[in-house]
Amino acid sequence: MNSKEIHRFVQRYLEATQCSILEKSPYHFKVKLSPAADRELTNRHYYWSFIDRVNETPQTMSFLFVTDDDKYNELVESTPVVEPVAKTVEESSFERAYGLVPKPIARVPREHLHYGSGRLEQLFQSTQDNGSYVCLFQELSAKALHPYASRPYTVWLGVNYCVEFSSDRKREEIHSLGISLVTGHCVESFQDRLEQIKLSPRIPPNIHIAKNGIAYAKALTIAEQTIERKLKNYDYRWAEDAQGRLAEELARLASYYEPMIEHAQDDEHRENIRSIIHKREEEIRWQYEPRITVSVINCGLFHLDGID
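This report concerns the structure included in the present document. (Residues numbered from 1 in each chain as written. Predicted model: local features only at pLDDT ≥ 70, side-chain atom pairs only at ≥ 80, totals over all residues. Heavy atoms only, no water.)

**Observations regarding the packing of helix H1 (residues 3–16) against helix H6 (residues 118–130)**
Relative orientation and spacing of two packed helices are given, respectively, by the angle between their axes and the distance between those axes. Threshold: Interaxial angles span 0 to 180 degrees and are taken between N-to-C directions of axes, which are lines fitted to C-alpha atoms, for helices over the stretch in contact. Secondary structure follows DSSP: runs of H or I at least 4 residues long count as helices, runs of E at least 2 residues long count as strands, and numbering of each begins at the N terminus. Roughly parallel means an angle under 35 degrees; roughly antiparallel means over 145; roughly perpendicular covers 65 to 115; every other angle is labelled oblique. Take the far helix as your reference; a near helix turned counterclockwise from it by less than a right angle gives a left-handed crossing, and one turned clockwise gives a right-handed crossing. When checking whether two residues touch, look at their non-hydrogen atoms; a contact exists if any pair is within 4.5 Å.
At a minimum axis distance of 11 Å, the contact between H1 and H6 shows a crossing angle of 50°. What the angle tells us is that H1 and H6 run oblique. As H1 packs across H6, the resulting crossing turns out to be left-handed. Contacts between H1 and H6 pair Ile6, Phe9, Val10 and Tyr13 from the former with Leu120, Leu123, Phe124, Ser126 and Thr127 from the latter.

What follows is the structure, encoded as structure tokens:
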């Protein structure tokens with residue numbers, strides 16, 4: 001993800017969680033978190049348990065989320081600094097006489113959100129936990145809708161998969177599949193199709209939903225079989241190379257510890273060395289053994305125009 005994509009994602013997250021955006025530019029957001037976002041992002045479990053017990057109004061935190069650090073620093077340097085107006089002697093005397101205490105300046109932590117940062121990963125995780133499933137309807141323009149006719153909509157099960165190829169190196173792929181619950185037809189790059197249309201959580205007028213021909217479980221099975229067929233046609237020379245590096249590492253480990261076993265002082269010392277070898281072998285296998293992990297990022301039901 002580049003900085004623009006991160007910026008769009010952060011804005012959508014803040015709007016979806018109803019945070020108050022106090023200040024923004026193409027490179028940053030200064031926000032006061034909503035209670036829901038504060039619970040997700042600040043890890044203040046003790047504070048929120050206290051608020052829940054006493055039923056008090058919470059004081060949520062504010063953050064400065066910077067999505068492009070260099071450009072934001074240039075923006076700050078080019079902005080003229082406004083010096084605070086000095087108080088007169090009379091104003092200061094008045095405040096002292098009536099015991100007025102200046103309010104403390106609220107601390108606003110600054111977070112640079114870039115791909116790989118902990119805070120952005122926290123936003124991803126929050127999105128995945130709270131927005132894994134959606135139910136949306138395609139919105140049509142007013143010209144496309146006839147006031148006395150009803151248009152058929154097809155229900156699609158959309159699933160986004162993350163396929164992770166890992167050994168001592170790692171690669172990820174995103175596969176977006178859509179399965180028509182009317183015909184069972186499966187299409188790839190379904191997310192691209194969704195991004196070209198307007199979706200809404202509310203059902204539009206003058207439409208009717210076509211009857212499903214297959215169950216959700218059957219549609220999910222079709223998606224899994226499609227992913228499995230794709231993976232079978234991949235080139236797996238990377239796995240063979242990883243197995244070769246694994247064998248080299250195990251041989252190097254053995255060449256280092258075997259002389260130590262031969263010259264061990266007693267059986268107890270020899271057993272200790274063997275336990276170390278066993279532990280190191282497990283670590284090396286975990287690091288080098290090739291494996292493929294398929295996980296669902298999110299999914300949803302999408303009601304789209306037409307019968308497919």
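This is not the end of the story, as more comes after the structure.
**Details of the state of the cysteines**
This is how the line gets drawn: Any two cysteine sulfur atoms lying within 2.5 Å of each other are counted as a disulfide.
Scanning all chains against the criterion turns up 0 disulfides. Note on Cys135: no disulfide assigned, nearest cysteine sulfur contributed by Cys299 at a separation of 11 Å.

**Overview of the packing of aromatic side chains**
Stated formally: Here is the rule: rings of Phe, Tyr and Trp (six-membered ring for Trp) pair when centre to centre is within 6.5 Å. Planes less than 30 degrees apart are stacked, more than 60 are edge-to-face, and the remainder are tilted. Burial classification: accessible surface area is computed with a 1.4 Å probe over protein chains only, and a residue below 20% of its type maximum counts as buried, one above 50% as exposed, and the rest as partly exposed.
Inspection of every chain in the model, using the stated rule, returns 9 aromatic pairs. Measuring from ring centre to ring centre gives 5.7 Å for Phe165 and Tyr234, while their planes differ by 20°; the resulting arrangement is stacked. Taken as a pair, Phe165 in strand E6 (residues 151–166) and Tyr234 in the loop between helix H8 (216–232) and helix H9 (237–262) lie far apart in primary sequence, 69 residues in all. Phe165 gets classed as buried once you look at its relative accessible area, which sits at 3%.

**Here's the deal with the packing of H9 against helix H10 (residues 267–288)**
To keep it simple, the criterion reads: Lys, Arg, Asp and Glu make up the charged group, whereas Ala, Val, Leu, Ile, Met, Phe, Trp, Tyr, Cys and Pro make up the nonpolar group; the residues left over, Gly among them, are polar.
Where H9 contacts H10, the axes come no closer than 10 Å and their chain directions differ by 170°. With respect to their mutual orientation, H9 and H10 come out roughly antiparallel. Contact residues: Ala242, Arg245, Leu246, Glu249, Leu250, Leu253, Tyr257, Met260 and Ile261 in H9; Arg270, Ile273, Arg274, Ile276, Ile277, Arg280, Glu281, Ile284, Arg285 and Tyr288 in H10. Of the residues assigned to the contact of H9 with H10, the class counts are 12 nonpolar, no polar and 7 charged.

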